[in-house]
Amino acid sequence: MKKIGILFGQENTFPQAFIDRINEKKINGIMAEAVLIDKVMQADPTEYAVIIDRISQDVPFYRAYLKNAAISGTAVLNNPFWWSADEKFFNNALAIKTGVPVPKTVLLPSKDRPDDTTENSFRNLKYPMDWDGIFEHIGFPAYMKPFAGGGWKNVYKLNNADEFFKSHSETGQLIMMLQEEIVFNEYFRCYCLGGDEVRIMQYEPRNPHHLRYVHDGPTLSKKLLDTVKDYTIKLNAALGYDFNTVEFAVRDGIPYAIDFCNPAPDADINSVGQENFEWVVETAANMAIKKAQEHKPGQMNLTWGTFVKNAVAPTTKKPAVKKTPAKKATPAVKTPAAKTTPTKAKKAVATTKTVAAKKTTTTKAKTTAAAPKKPVKKAITTKRKSK
Ligand SMILES: Nc1ncnc2c1ncn2[C@@H]1O[C@H](COP(=O)(O)OP(=O)(O)O)[C@@H](O)[C@H]1O
Ligand SMILES: [Mg+2]
């Protein structure tokens, strides 16, 4: 018997539907259940051939459990090692190397110093930074958001340098990125499962939460949707995620990848709507069954992206992901070719915060620069003089 487990947190609709869907299929030798963790002993295998991880980003104990499960052969989806390693800024760099357009983005040191560091910890950082050069490169309006995170938390839209410094002073120890705004006329949120199953959902982030998943939207060009699908597959092949969403903002016909580091994407029926929910339950169930059937006991059963695979075996020539036959694409949006079967995303429920909403002002913030409280140059000069 190959067991498929799901590890989850506060979500209520997807996990049970996923378990039920697998078990309803009554596939010989396959069953699914909620993961139950008791004692975690080093290098002990789990009873699961496959575990779908929906929560270890919030529960570090689970992340360590999953790595231990993986080294003993469990196929953990998504790969807990890669998930621990990547973040949005690196992923943007990877997108550029992969040929997928992304907005111009700059990484910023945190406003406040990390715990247990002093100004001496920052002597390698130029002070003050070339803020004018950064602003000139990115332009205003701009977006500022954490390099790791999600759920629309601490995302700011900024109109000028004053707003930037004011907002940055509120971000504490968060590492932020400053990003060019993509003024878009289309926005997509795309599920990508198993590397090749893509569901393109038309999304309007400027709408109130319950109206974000657009239904009956305008008919879109097949070429644009094909490009979106191609970029989604390319990004996930490079990253190696089995279960992810990619958001694109389309400007002048070019889809820019905005947010594609979502290894536990929202799959709640109340936010994505009935038809998208049905797609993700069915596709995730089939993917997990396939992984369970392919599972080799005691071996490495994780998915790795081409970034890692090529680093280990740089001579590999064949593409990491097979091109998907056109019939596999099931866009939630209308294409001219699919006019007769438009699908609908019925409603969305608020699960995210609005841009720049709910700022937590810190009283400490009085300078307009980043982490070092004192000019770092001074620290270096002092040290040199003392020699
Ligand atoms: N560069 C950008 N250009 C235009 N809109 C953006 C940009 N970055 C973020 N946004 C808007 O802010 C929202 C939240 O940002 P996102 O990067 O998706 O963060 P999160 O991971 O928190 O969802 C996006 O859905 C989009 O509406
Ligand atoms: Mg997002």
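Residues numbered from 1 in each chain as written. Chains lettered and ligands numbered in written order. Predicted model: local features only at pLDDT ≥ 70, side-chain atom pairs only at ≥ 80, totals over all residues.

The name an unreviewed UniProt entry gives the chain is Glutathione synthase/RimK-type ligase-like ATP-grasp enzyme, with Arenibacter echinorum as the organism.

## Here we look at the sheet that holds strand 11 (residues 243-251)
As a reminder of what qualifies: Any two strands with at least two DSSP bridges between them are considered paired. Secondary structure elements are taken from DSSP: a helix is a run of H or I of four residues or more, a strand is a run of E of two residues or more, and numbering for both begins at the N terminus. Whenever a helix is involved, its axis is fitted only over the stretch in contact; in every case the axis is a line through C-alpha atoms, and angles between N-to-C directions fall within 0 to 180 degrees.
Taken in spatial order, the four strands of this open sheet run 10-9-11-12, and their pairing is antiparallel. Only two strands of the sheet have a single partner each, and these edge strands are strand 10 (197-202) and strand 12 (254-259). On average, adjacent strands in this sheet sit at an angle of 30° to one another, irrespective of strand direction. Pairing of strand 11 with strand 12 involves five bridges; the strand directions are antiparallel. The residue bridging R251 from the neighbouring strand is I254, located in strand 12.

## Some words on the packing of helix 4 (residues 88-98) against helix 7 (residues 222-239)
Keep this limit in mind: Handedness of a crossing follows from how the near helix is turned relative to the far one, being left-handed for an anticlockwise turn of less than a right angle and right-handed for a clockwise one. Think of it this way: build a C-beta for each residue from its backbone, and any pair within 7 Å is a contact.
Two elements in contact, helix 4 and helix 7, have axes whose closest approach is 10 Å; the angle formed by their N-to-C orientations is 120°. Both helix 4 and helix 7 take part in a crossing whose hand is right-handed. Within the contact between the two elements, helix 4 uses N91, L94, A95 and T98 and helix 7 uses K234, L235, A238 and L239.

## Describing helix 9 (residues 274-294)
What counts here: In this scheme, a helix's expected span is set at 1.5 Å multiplied by one less than its residue total. With C-beta atoms placed from the backbone, the exposure class of a residue follows from how many other C-beta atoms lie within 10 Å of its own: 20 or more, buried; 12 or fewer, exposed; in between, partly exposed.
An ideal rise of 1.5 Å per residue puts 30 Å on 21 residues; helix 9 measures up with 30 Å between its terminal C-alpha atoms. For helix 9, every residue scored as buried is listed here: N276, F277, W279, V280, V281, T283, A284, A285, M287, A288, K291 and A292.

## Topic: the nonpolar core
Formally: By convention in this section, buried Ala, Val, Leu, Ile, Met, Phe, Trp, Tyr and Cys residues joined through C-beta atoms within 7 Å make up a nonpolar core. Throughout the structure description, domain borders are defined by an automatic or database domain assignment.
Formed by 70 residues in total, the largest nonpolar core has its most connected members in V50, A257 and A284. Here this core gets nine residues from one element, more than from any other, and that element is helix 9. Residue-level mapping places this core at the junction of two domains, with at least three residues from each of domain 1 (2-85) and domain 2 (88-101 + 182-260 + 305-339). In contact with A284, not counting residues within four places along its chain, are F18, I52, L193 and F243. Counting 14 residues, the second-largest nonpolar core is a separate cluster that includes I138, V155, Y156 and F164.

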